[in-house]
Amino acid sequence: MNRTRLCDLLGIQFPIIQGGMVWIANVELAAAVSNAGGLGLISHTAGLDKSSDQIASLKQQIKKARSLTSKPFGINLPLQMPGIEDLIDAVISEKVGIVVTAAGNPATFTAQLKEAGIKVLHVVASVKHAQSAEKKGVDAVIAEGYEAGGHNGLDELTTFVLVPQVADAVKVPVVAAGGIADARGVVAALALGADGVQMGTRFVATTECIAHQNFKEAIVKASDTDTVITGRRIGPTRILKNPVAEKLLEMESAGASAEEMVAFIGLESRSRLGQVEGDLINGQGHCGAIAGMIKEIQSVSDVMQGIIQNYDAVVRSLK
Ligand SMILES: Cc1cc2nc3c(=O)[nH]c(=O)nc-3n(C[C@H](O)[C@H](O)[C@H](O)COP(=O)(O)O)c2cc1C
């Protein structure tokens, strides 16, 4: 597989990042990805319950990551999270090497993180935001198309149109995210001008991920049309189709206010219910449209090896 400048930037062997995933990007998952030569990201919410202290939990996860891998790993911090200032302080005091920020303005914390010697990657969903993140000093941008699981950009650009335009517009490395789960996707992303990929949904359906078995099995059973974007008024989010998704779509078409919708979803509490507790009737599962291509729960090592081993054959098939 091609070694790219993303590999040099992050000190990794293969240009594959396991994306941050609210509640379920646990340290064992991240360490397994890093040990397989990619970059694992830990979400500070993984393993948290209502009574946990999120700073103590994050510090514990960082310590555990260092016991599970000697390779680089990173922390994902969605910037709109409550207590974000303290989370930023914690990654700095713990001397984390890499932070991936998302869902917010990179102007707020990039300089502080960079001064502490941390590499910063920021998730963007348009050319304008990629250019702005580059100006704010990020080391790389993650261009995420709206095929992706979880929160999405407002303009609903697909990975296929977003990545080449971002690659033409910025000088920093570009990581393609959204709709990638095998070697074909990785080759396509690099052909579009990306320096690497970030995958989320594929890594949920792995043995190392702490997602509930019901959620993993729902991804394996899903077809190409089993996800939907909900919450366009409050922040578009791609989730598995289920009664919660139906209710959200109904609320939207009935003109529910943003407050009513936020009250119904809670601050990610329905995603915790679906993804961690496995209640996919009352909870929701953030999930990418590529779920239809994921046919089994595998170990991280098998997922990574599958991509690495098939990469050259895919490239050869194009000649
Ligand atoms: C269950 C789930 C939760 C996610 N939560 C987050 C998150 O907390 N922060 C973030 O930056 N991205 C989040 N994402 C997006 C992923 O990091 C990644 O960019 C995305 O999954 C890539 O698209 P794919 O699902 O098609 O692989 C989430 C994705 C999934 C599937």
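Structure's up top.
As the structure is a computational prediction, the values presented were derived from the model and not from experiment.

K.L.:
Outline the site of the ligand, supporting the account with residue identities and numerical values.
P.N.:
As a structural note, the neighbourhood of the ligand is formed by 30 residues, with Gly 19, Gly 149, Gly 150, Gly 200 and Gly 288 the closest of them. Secondary structure elements with two or more residues in the shell around the ligand: strand E3 (73-78), strand E9 (196-199) and helix H9 (201-204). Here the element with the most residues in the shell around the ligand is H9; it accounts for three residues. Among the domains, domain 1 (5-210) and domain 2 (213-290) are the pair contributing at least three residues each to the shell around the ligand.

K.L.:
Residue-level account of the sheet that holds strand E11 (residues 237-240), with values.
P.N.:
Spatially, three strands are ordered E7-E11-E10 in an open sheet, and the strand pairing comes out antiparallel. Of all the strands in the sheet, the pair left with one neighbour each is strand E7 (150-151) and strand E10 (227-230). The strands touched by helix H11 (residues 243-253) within the sheet are E10 and E11, with E10 carrying the most contacts at an inclination of about 40°.

K.L.:
Talk me through the sheet that holds strand E4 (residues 98-102); I want residue IDs and the actual numbers.
P.N.:
Judged by pairing direction, the barrel is parallel, and its eight strands sit side by side in the order E1-E2-E3-E4-E5-E6-E8-E9 before closing back on the first. The sheet shows a mean angle of 25° between the axes of neighbouring strands, direction not considered. The sheet contact formed by strand E1 (residues 16-18) and E9 spans three bridges and is parallel. For Ile 16, the partnering residue across the bridge sits in E9 and is Val 197.

K.L.:
Break down helix H8 (residues 183-191) for me, citing the residues and quoting the values.
P.N.:
Taken together, the buried positions of H8 are Gly 185, Val 186, Val 187, Ala 189 and Leu 190. In the core, the buried residues of H8 are packed alongside helix H7 (159-169), strand E8 (174-177), E9 and helix H14 (300-317). Residue Gly 193 follows H8 closely and has a positive phi angle near 110°.

K.L.:
An account of the packing of helix H3 (residues 54-68) against helix H4 (residues 84-93) is needed here, citing residue identities and associated values.
P.N.:
It is at 10 Å that the axes of H3 and H4 come closest, and there the two elements cross at 25°. Accordingly, the angle class assigned to the pair H3 and H4 is roughly parallel. In terms of crossing hand, the pair formed by H3 and H4 is right-handed. Note on element contacts: H4 touches H3 through Asp 86, Leu 87 and Ala 90, opposite Ile 55, Leu 58 and Lys 59. Of the residues assigned to the contact of H3 with H4, the class counts are four nonpolar, no polar and two charged.

What counts and what doesn't
- Residues numbered from 1 in each chain as written.
- Predicted model: local features only at pLDDT ≥ 70, side-chain atom pairs only at ≥ 80, totals over all residues.
- Near = placed C-beta within 6 Å.
- Helix = DSSP H or I, 4+ residues; strand = E, 2+ residues; numbered from the N terminus.
- Domains from an automatic or database assignment.
- Pairing = 2+ DSSP bridges.
- Contact = placed C-beta atoms within 7 Å.
- Axes fitted to C-alpha atoms, helices over the stretch in contact; angles between N-to-C directions.
- Buried ≥ 20, exposed ≤ 12 C-beta atoms within 10 Å, placed from the backbone.
- Parallel < 35°, antiparallel > 145°, perpendicular 65-115°, else oblique.
- Left-handed = near helix turned anticlockwise from the far one by under 90°.
- Nonpolar A, V, L, I, M, F, W, Y, C, P; charged D, E, K, R; others polar.

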